[in-house]
Amino acid sequence: KTELLGVSESTLQSDVGTRKFAHTMWMNGSKGNAQYAEFKYMGHYLKLGRYPVHPHKMGPGSKGMILNGNGLWYTGFRWINIHSSEDILIGDNVGFSSGGVGYFDEWDPIRDERGIKIGIEGVSKNLVFIHNLGVEPTGARFGDRGGVVERDPTSFWPSSQGVAHFGNIAVGARAGDGFHHCE
């Protein structure tokens with residue numbers, strides 16, 4: 001029997017829609033890797049910015065970072081979210097049961113005074129996703145960077161140019177093949 005702060009595992013699984021659990025975030029100027037660790041019951045459910053593993057706006061400061069061999073499961077939203085960071089190896093990770101997208105590289109839209117997207121900034125680049133496994137992304141449908149078009153949960157969402165995907169596997173996605181490619 002597994003317990004977290006006196007809460008049983010069955011309670012954690014049944015209360016997925018209201019979960020507010022810890023997240024791991026690297027900010028600009030920080031250093032570190034995540035290798036061979038378990039990230040279970042982490043991340044708020046469908047809450048932006050609260051992901052289990054989240055290099056956040058590190059820019060070139062993340063050069064050489066390694067996210068390798070980790071297990072991420074029963075997460076609230078995403079498994080690994082790379083936001084406006086560069087030169088990171090994301091390899092041999094296993095993600096199971098994520099709300100929304102599993103593996104995601106994020107950028108920021110530039111909007112005019114009416115809220116219309118007119119460009120992008122803070123693009124993630126030189127990321128390598130290799131030999132990652134995504135299993136059964138779950139949860140509610142979510143907005144496509146601005147809430148205009150809804151998307152079904154998926155394991156991989158490559159969205160930035162200069163991001164390589166090699167040998168990644170997605171199984172159990174409710175719609176499509178487990179890979180969402182931006183239009």
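Preceding block: the structure.
Residues numbered from 1 in each chain as written. Predicted model: local features only at pLDDT ≥ 70, side-chain atom pairs only at ≥ 80, totals over all residues. Heavy atoms only, no water.

A. Main features of the overall build of the protein. For the protein, the helix and strand inventory stands at one helix and 21 strands. Buried residues in the protein amount to 45% of all 183 residues. Put simply, 64% of the contacts in the protein that link residues at least 6 apart link residues at least 24 apart. With the model as given, the accessible surface of the protein reaches about 9000 Å², and the carbon-plus-sulfur share is 54%. (Helix = DSSP H or I, 4+ residues; strand = E, 2+ residues; numbered from the N terminus. Buried < 20%, exposed > 50% of the residue type's maximum accessible area, 1.4 Å probe, protein only. Contact = heavy atoms within 4.5 Å. Areas by Shrake-Rupley, 256 points an atom, 1.4 Å probe, with all protein chains shown as cover.)

B. Spotlight on the side chain of N70. When you line up the elements, N70 lands in the loop between β7 (65-68) and β8 (71-75). A distance of 3.0 Å separates a polar side-chain atom of N70 from the backbone nitrogen of A37. Beyond its immediate sequence surroundings of up to four residues, N70 is in contact with A34, Q35, Y36, A37, F39, D92, N93 and V94. (Polar contact = N/O pair within 3.5 Å; in protein donor to acceptor, adjacent residues only side chain to side chain.)

C. Examining the pattern of salt bridges more closely. For the structure shown, the criterion picks out two salt bridges. Residue E106 pairs with R78 through a salt bridge whose shortest N-O separation is 3.9 Å. One end of the pair, E106, is in strand β12 (residues 103-106); the other, R78, is in the loop between β8 and β9 (80-85), with 28 residues separating them in the sequence. Assessed through its relative accessible area of 14%, E106 is described here as buried. For the salt bridge of R114 with D112, the shortest nitrogen-to-oxygen distance reads 2.8 Å. What makes R114 exposed here is its relative accessible area of 63%. (Salt bridge = Lys/Arg side-chain N within 4 Å of Asp/Glu carboxyl O.)

D. Here's a closer look at the sheet that holds strand β6 (residues 53-59). Here five strands make up an open sheet; going across it, the order is β3-β6-β9-β12-β19 and the pairing parallel. Unpaired on one side and paired on the other, β3 (24-26) and β19 (156-157) mark the two borders of the sheet. Pairing of β3 with β6 involves three bridges; the strand directions are parallel. In the strand pairing of β6, W26 is matched with P55. (Pairing = 2+ DSSP bridges.)

E. Structural context of a nonpolar patch on the surface. On the surface, I110, I116 and I118 cluster together to form a nonpolar patch covering roughly 260 Å² of accessible area. Within the fold, I116 resides in the loop between β13 (108-111) and β14 (117-121). (Patch = residues over 30% accessible without salt bridge, like charges linked within 9 Å, V, L, I, M, F, W, Y side chains within 5 Å.)

F. A look at the packing of aromatic side chains. On inspection of all chains with the given rule, the structure shows eight aromatic pairs. Aromatic pair Y51 and F77: ring centres 5.9 Å apart, planes at 50 degrees, arrangement tilted. Of this pair, Y51 sits in the loop between β5 (38-40) and β6 while F77 sits in the loop between β8 and β9, and the two are 26 residues apart along the sequence. Given the relative accessible area of 1%, Y51 is considered buried. Under the relative-accessibility criterion, F77 is labelled buried at 4%. An angle of 15 degrees between the planes, with centres 4.8 Å apart, marks the rings of Y103 and F156 as stacked. You can see Y103 sitting in strand β12 and its partner F156 sitting in strand β19, a full 53 residues away along the chain. (Phe/Tyr/Trp six-rings, centres within 6.5 Å; stacked < 30°, edge-to-face > 60°.)

G. Summary view of the nonpolar core. Counting residues in each nonpolar core, the largest one holds 20 residues, and the members touching the most others are L67, I80, I82 and I90. Looking at this core, the elements with two or more residues in it are β6, β7, β9, β10 (88-91) and β15 (127-130). Setting aside its immediate chain neighbours within four residues, L67 contacts W26, A34, V53, P55, I80, I82, I88, L89, I90, G91 and N93. (Core = buried A, V, L, I, M, F, W, Y, C linked by side-chain atoms within 4.5 Å.)

H. The environment of D112, seen in detail. If you trace the backbone, D112 turns up in the loop between β13 and β14. A relative accessible area of 16% means that D112 is categorised as buried. A polar contact of 2.8 Å, which involves the side chain of D112, links it to the side chain of R114.

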